[in-house]
Amino acid sequence: RILSPETQPVFESNELPVAQQAAGQAGQLLMSYFGKSYPVSHKSSYNLVSEPDLKSEALITACIREHFPTHAILAEESNHQHSDSEHLWIVDPLDGTNNFVHGIPHFAVSVAYYRNGQPELGLVHQPSTGDWFVAGKSQGAWVNGQPAHVTESASLKEVLVGVGFYYDRGKQMRATLGTLEKLFEAQIHGIRRMGTASLDLCQVGCGQFGAYFEFELAPWDFAAGALFVTEAGGSVSQCDGNVLLVEKSSVLATNGNLHRDALQIIRPLFEGLGQRD
């Protein structure tokens, strides 16, 4: 499914059609590979990069540069240097690579546009379902053309909580597991670890999760999804409560009502990690 008139968000943006075109083409490319054999390399034994990752990123980058040749692009598989450009696109060409490689149809293309360091547009496309999650600054969040909104739940006892694990298999992993224990003690409905951060954030924005956290993410993991959460009425911060920046960071996203209670549980274990490289 592409963004037809029935699934279009109601707002307009010069960047939105380009983001749609790039993500739609990338989604078609990914689905042409899904379930088949292709080259996979390893950043580590469990941090994978595949041929579809690289081709998807090249396609998206080419599409953006065709329309906005002077804009900067920060993408997962390319140069990771931070850009302070007035116009910055932040791209994850295949969020959920491990799911993709193992034949699990839960992955996404994430495209965000920032102007002067602030998010203006966030788009997350789930090719396997045809779903589109789109948010515009001060213009709301939309899923397949319908308004999205966070859950109105006022207690952690009423919600599911999403979680992600960074590639660290040491202290950070143990801190995350300890946080899950504390959340279960708070009587949440359950934990879900889906493996695709951009979609986890969209699930907060759509009211499926009351909260989601991860102790380390890159900007391409959260740039589009974080805007979707805030435009859907939720709150996003680092796991210590500080403002989320365009750099490697921890992320806590909630429906807003639960942010303080979630921070009380998550912050102590996160701060116990101390400074990390």
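Residues numbered from 1 in each chain as written. Predicted model: local features only at pLDDT ≥ 70, side-chain atom pairs only at ≥ 80, totals over all residues. Heavy atoms only, no water.

Undergrad: Lay out the pattern of salt bridges with the relevant residues and their values.
TA: One pass over the full model with this rule turns up four salt bridges. Here glutamate 51 ties to lysine 55 by a salt bridge, and the two come within 3.9 Å at their closest N and O atoms. Residue glutamate 51 and its partner lysine 55 are located together in helix α2 (residues 51-67), separated by four residues, close to a single helical turn. Given a relative accessible area of 25%, glutamate 51 falls into the partly exposed group. (Salt bridge = Lys/Arg side-chain N within 4 Å of Asp/Glu carboxyl O. Helix = DSSP H or I, 4+ residues; strand = E, 2+ residues; numbered from the N terminus. Buried < 20%, exposed > 50% of the residue type's maximum accessible area, 1.4 Å probe, protein only.)

Undergrad: Before we move on, could you go through the pairing of strand β5 (residues 108-115) and cite the residues and values that matter?
TA: Extensive coverage of β5 is indicated by the burial of seven of its eight residues. Pairing geometry for strand β4 (residues 87-95) and β5, over seven bridges, is antiparallel. Pairing of aspartate 92 across the sheet is with serine 110, part of β5. As defined by bridge partners, β5 adjoins strand β6 (residues 118-126) across seven bridges and the pair is classed as antiparallel. (Pairing = 2+ DSSP bridges.)

Undergrad: So, the packing of aromatic side chains: which residues are in play, and what are the values?
TA: The final tally for this structure, using the stated rule, is eight aromatic pairs. Taking the centre distance of 5.6 Å and the plane angle of 55 degrees together, the rings of phenylalanine 213 and phenylalanine 215 count as tilted. The pair phenylalanine 213 / phenylalanine 215 is uniform in exposure class, with both members buried. Pairing phenylalanine 215 with phenylalanine 270 gives two aromatic rings, centres 5.4 Å apart and planes at 45 degrees, and the pair type is tilted. Here the residue phenylalanine 215 occupies a position in strand β12 (residues 211-217), and phenylalanine 270 occupies one in helix α7 (residues 259-271), the gap between them amounting to 55 residues. Residue phenylalanine 270 is classed as buried on the basis of its relative accessible area, which comes to 10%. Taken together, the aromatic side chains of Phe34, Phe100 and Phe107 make up a single cluster linked through ring pairs. (Phe/Tyr/Trp six-rings, centres within 6.5 Å; stacked < 30°, edge-to-face > 60°.)

Undergrad: If you had to explain the sheet that holds strand β11 (residues 190-192) to someone new, which residues and values would you point to?
TA: One open sheet accounts for five strands, arranged β11-β10-β12-β14-β13; its pairing is mixed. The open sheet has two free edges, formed respectively by β11 and β13 (235-237), since each of these has just one partner strand. Along the sheet, successive strands turn relative to each other by an average axial angle of 15 degrees, direction set aside. The pairing of β13 with strand β14 (residues 249-254) spans three bridges and is classified as antiparallel. Directly across from serine 237, in β14, lies its bridge partner leucine 252. Against the sheet, helix α4 (residues 171-185) engages β10 (160-163), β11 and β12, with an angle of about 165 degrees to β12. Relative to the sheet, helix α5 (residues 197-205) contacts β10, β12 and β14, its axis offset from that of β12 by approximately 155 degrees. (Axes fitted to C-alpha atoms, helices over the stretch in contact; angles between N-to-C directions. Contact = heavy atoms within 4.5 Å.)

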